[in-house]
Amino acid sequence: MTDQSKTVTRVDLCEAVYQKVGLSRTESSAFVELVLKEITDCLEKGETVKLSSFGSFMVRKKGQRIGRNPKTGTEVPISPRRVMVFKPSAILKQRINGQHRANGDATSKAQQEA
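Being a predicted model, the structure only gives us computed values, none of them experimental. (Residues numbered from 1 in each chain as written. Predicted model: local features only at pLDDT ≥ 70, side-chain atom pairs only at ≥ 80, totals over all residues. Heavy atoms only, no water.)

### A closer look at helix α1 (residues 10-21)
Now for step 1: Compared with the 16 Å implied by 1.5 Å per residue over twelve residues, the 16 Å span of α1 between its first and last C-alpha is a close match.
Now for step 2: Phi turns positive one or two residues past the end of α1, at Gly-22, with a value near 95 degrees. (Helix = DSSP H or I, 4+ residues; strand = E, 2+ residues; numbered from the N terminus. Expected span 1.5 Å × (residues − 1).)

### Quick notes on the packing of α1 against helix α2 (residues 25-44)
Now for step 1: Interhelical geometry of α1 versus α2 gives an angle of 125 degrees and a closest axis separation of 8 Å. Between α1 and α2, the crossing angle belongs to the class labelled oblique. Every pair of crossing elements has a handedness; the one defined by α1 and α2 is right-handed. Of the residues in α2, those touching α1 at Arg-10, Leu-13, Cys-14, Glu-15, Val-17, Tyr-18 and Gln-19 are Arg-25, Ser-28, Ser-29, Phe-31, Val-32, Glu-33 and Leu-36.
Now for step 2: For the contact of α1 with α2, the per-class residue count stands at seven nonpolar, three polar and four charged. (Axes fitted to C-alpha atoms, helices over the stretch in contact; angles between N-to-C directions. Parallel < 35°, antiparallel > 145°, perpendicular 65-115°, else oblique. Left-handed = near helix turned anticlockwise from the far one by under 90°. Contact = heavy atoms within 4.5 Å. Nonpolar A, V, L, I, M, F, W, Y, C, P; charged D, E, K, R; others polar.)

### Description of unusual backbone geometry
Now for step 1: Not every positive phi belongs to a glycine, and Ser-53 is a case in point at roughly 70 degrees.
Now for step 2: Structurally, the position occupied by Ser-53 is in the loop between β1 (49-51) and β2 (55-62).

### Describing the confidence of the model for the protein chain
Now for step 1: Taken as a whole, the protein chain shows an average pLDDT of 88; of its residues, 83% reach a score of 70 or greater.
Now for step 2: Confidence, expressed as mean pLDDT per element, reaches its minimum in the protein chain at helix α4 (residues 103-113) with 48 and its maximum at β1 with 97.
Now for step 3: Contacts for the low-pLDDT stretch residues 110-114, under 50 throughout, to residues beyond four places or in other chains number zero contacts. (pLDDT = per-residue confidence, 0-100.)

The following block contains the structure:
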């Protein structure tokens, strides 16, 4: 992708599934929605979603803390909450940094390092 400011939307994902898998546009849309719903449902339950060669989505609990209003400097309590965190896999990090290798090469190197 040459334009780094492009945002990939659900419509883009549905179109990619339609083009590459050969399902109808309706089936492609339903498939993408089903996958996203399953990921969302698992995260709501506090489960970790791990996608091999891509990364992991996790929910972390953050405790209450004191924050500061940057404009006035007034201290404000920030209530405890859950946040979603994404940790990319080593393979994804390599691809993002232009160090893409064929799957066999990456697997072989990982096995040699172990």
